[in-house]
Amino acid sequence: MRVSRPIPPATRSRAPAALVVALLLVGTLSLGACKRGGEGEANAKDGASKGPEAVPVEVAMATRRPIAASYSGTAPLDARGESQVVAKTSGVALSVLAQEGQQVRAGQVLVRLDSARAALQAAQSSAQMRKLESNYARARQLSDQRLISANDIDQIKYDLENARAANRLANLELSYANVTAPISGVIAQRSIKPGNFVQINTPIFRIVDTSRLEATLNVPERELEVLKAGLPVKLQVDSLPGKTFTGSVDRVAPVVDSGSGTFRVICAFAGGGLLQPGMFGRMQIDYDQRMNALVVPRAALLDDATDPAVFAIVGGKAQRVPLKLGYTDGAWAEVRSGLKEGDKVVVAGKTALRDGTVVQVLDDVNAPAKRVTAKAPSKPKQ
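This one's a predicted model, so the numbers in the text were calculated from it and none came from an experiment.

**Q** Provide a residue-level description of the overall build of the protein chain, including the pertinent values.
**A** Looking only at helices and strands, one finds three helices and 20 strands in the protein chain. Here the protein chain, with 382 residues, has 29% of them falling under the buried criterion. Taking the contacts inside the protein chain whose residues are at least 6 apart along the sequence as the reference set, 74% of them involve residues at least 24 apart. When the accessible surface of the protein chain is totalled, it reaches about 24,600 Å², and 53% of it is carbon and sulfur.

Printed below as a string of structure tokens:
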């Protein structure tokens, strides 16, 4: 049998005090948890009320400016005229009268060859010709007196004509001793020195006419209708950066090559200055121009060749706007429909945008002196 023992008085007084302390501790922890939960819900509500973060972009305005339709191509520059000067007879070069880089004119003597043999042959043929001329004159007198037959006088006449031709040929060979320039231009190459023996038909000079330069473009047949003679041409060469030269379309081939599907367009430029034959040129032929076209920077166009579009700024948001484009000229693209003058389009930051994305304009490329910096959002108070 179990006998209950009475609790001592000191023990009965400590039990209620411990219970009170435990209850107070539990209440304090519950109040702290409720307070933290309330603050978290408040922060979440504040974040939801602020909305999505704005995407920083740079914009430009649709403006009006002249724009040209053009065709661009590359080709080397060639001299309009070029000639290899050859010796038409053999002989020793007694004197060379032209140097590389010297400007010469057509018919100017460049080299004098030894002409002693040719001079003797010319003198011999001249003497024979004079003899037959005398014989023919006497034969005509005898013919008037009927002392010579018609056959004999005809024979003397034909011999005289042959002697005259031989004399002209000898004089022609004598003239070949003076080698002359066939065209006007500048001496680009010299392959002879005084005292050299020159063989017949040996090239001794190369003359280039640099007064006019030409470049031949092989243009696709779809441009045949718009490229005509007389159109202006702009030229830039790699060896002269920053310089632009002007010329014109000199002539256009009337047929299209069936193998390549191209036709030849020959552009002409004034020479005699910085431009030289052999330079590699980049040409632009402007075949139409609009003086008051609505344009946007080409950097604003989205990367979709089949469906051109831009992101326009409407009410602080990006809106994808499809466009109908016209001409493109350098950094500009003509807008035929889709925008109006003064509309702002995104030129930088397009990759992060979607239709309806909230944006923050960082810079306006049309007013680079005035830069707007976005303010950082204020942090919520702790």
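**Q** Help me get a handle on the pairing of strand β16 (residues 317–322), residues and values and all.
**A** Strand direction decides the pairing type here: strand β15 (residues 309–314) and β16, joined by six bridges, are antiparallel. Residue pairing in the sheet places Ala312 in a bridge with Gln319 of β16. Two successive antiparallel strands, β15 and β16, enclose a turn made up of two residues, where Gly315 displays a positive phi of approximately 60 degrees.

**Q** An account of helix α2 (residues 116–144) is requested, with residue identities and associated values reported.
**A** If you check α2, its first and last C-alpha atoms are 43 Å apart, about what 29 residues at 1.5 Å a residue would give, namely 42 Å. Restricting attention to buried positions, one finds in α2 the residues Ala118, Ala122, Ser125, Ser126, Met129, Leu132 and Ala139. The secondary structure elements touched by the buried residues of α2 are α3 (150–175). Immediately beyond the C-terminal end of α2, within one or two residues, lies Arg146, with a positive phi of roughly 55 degrees.

**Q** Help me get a handle on the nonpolar core, residues and values and all.
**A** One recurring pattern in soluble globular proteins is that nonpolar side chains are buried together. By size, the foremost hydrophobic cluster in this structure holds 23 residues, and its most contacted members are Leu77, Val265, Cys267, Phe269, Leu275, Met283 and Ile285. Breaking this core down by element, the ones donating at least two residues are β2 (63–76), β10 (203–220), β11 (232–237), β12 (245–252), β13 (262–270) and β14 (280–297). Excluding residues within four positions of it along the chain, Phe269 makes contact with Leu77, Arg212, Leu213, Ala215, Val233, Leu235, Thr246, Gly247, Leu275 and Met283. Residues Val85, Ala98, Leu110 and Ile192 belong to the second largest nonpolar core, which totals 18 residues.

**Q** Let's hear about α3: which residues, and what values?
**A** Between its terminal C-alpha atoms α3 stretches 38 Å, which fits the 38 Å expected from 26 residues at 1.5 Å a residue. Within α3, the full set of buried residues consists of Ile153, Leu160, Ala163, Asn167 and Ala170. Each element contacted by the buried residues of α3 is listed here: α2.

**Q** Help me get a handle on the side chain of Gln108, residues and values and all.
**A** Note on placement: Gln108 falls in the loop between β5 (103–104) and β6 (109–113). Residue class for Gln108 comes out buried when judged on its relative accessible area of 16%. When sequence neighbours within four positions are dropped, the list of residues in contact with Gln108 reads Gln102, Gln103, Val179, Thr180 and Ala181.

**Q** Would you mind going over the pattern of salt bridges in detail, with residue names and values included?
**A** One pass over the structure, following the stated rule, counts 13 salt bridges. Across the pair Asp250 and Arg212 runs a salt bridge whose closest N-O atoms are separated by 2.5 Å. Here Arg212 lies in strand β10 and Asp250 lies in strand β12, a separation of 38 residues in the sequence. According to the relative accessible area criterion, Arg212 is partly exposed, its value standing at 23%.

**Q** Explain a nonpolar patch on the surface residue by residue, including any values.
**A** A grouping of Val92, Leu94 and Phe197 is seen on the molecular surface, where their side chains present a nonpolar patch of about 280 Å² in accessible area. Mapped onto the fold, Val92 is located in strand β4 (residues 91–96).

**Q** Provide a residue-level description of the packing of aromatic side chains, including the pertinent values.
**A** Considering all chains together, one arrives at zero aromatic pairs under this definition. In this structure, Arg290 packs its charged tip against the face of Tyr327, placed 4.2 Å from the ring centre.

**Q** Tell me about the environment of Asp209, and please be specific about residues and values.
**A** Assignment of secondary structure puts Asp209 in strand β10. Separated by 24 residues in sequence, Asp209 and Gly185 place their C-alpha atoms 4.1 Å apart. In this structure, Asp209 is in contact with Ala79, Arg80, Gly81, Ser184 and Gly185, ignoring residues within four places of it in sequence. At a separation of 2.7 Å, a polar atom in the side chain of Asp209 contacts the side chain of Ser211.

Cut-offs used in this document
- Residues numbered from 1 in each chain as written.
- Predicted model: local features only at pLDDT ≥ 70, side-chain atom pairs only at ≥ 80, totals over all residues.
- Heavy atoms only, no water.
- Helix = DSSP H or I, 4+ residues; strand = E, 2+ residues; numbered from the N terminus.
- Buried < 20%, exposed > 50% of the residue type's maximum accessible area, 1.4 Å probe, protein only.
- Contact = heavy atoms within 4.5 Å.
- Areas by Shrake-Rupley, 256 points an atom, 1.4 Å probe, with all protein chains shown as cover.
- Pairing = 2+ DSSP bridges.
- Expected span 1.5 Å × (residues − 1).
- Core = buried A, V, L, I, M, F, W, Y, C linked by side-chain atoms within 4.5 Å.
- Salt bridge = Lys/Arg side-chain N within 4 Å of Asp/Glu carboxyl O.
- Patch = residues over 30% accessible without salt bridge, like charges linked within 9 Å, V, L, I, M, F, W, Y side chains within 5 Å.
- Phe/Tyr/Trp six-rings, centres within 6.5 Å; stacked < 30°, edge-to-face > 60°.
- Lys NZ or Arg CZ within 6 Å of the ring centre and 35° of its normal.
- Polar contact = N/O pair within 3.5 Å; in protein donor to acceptor, adjacent residues only side chain to side chain.

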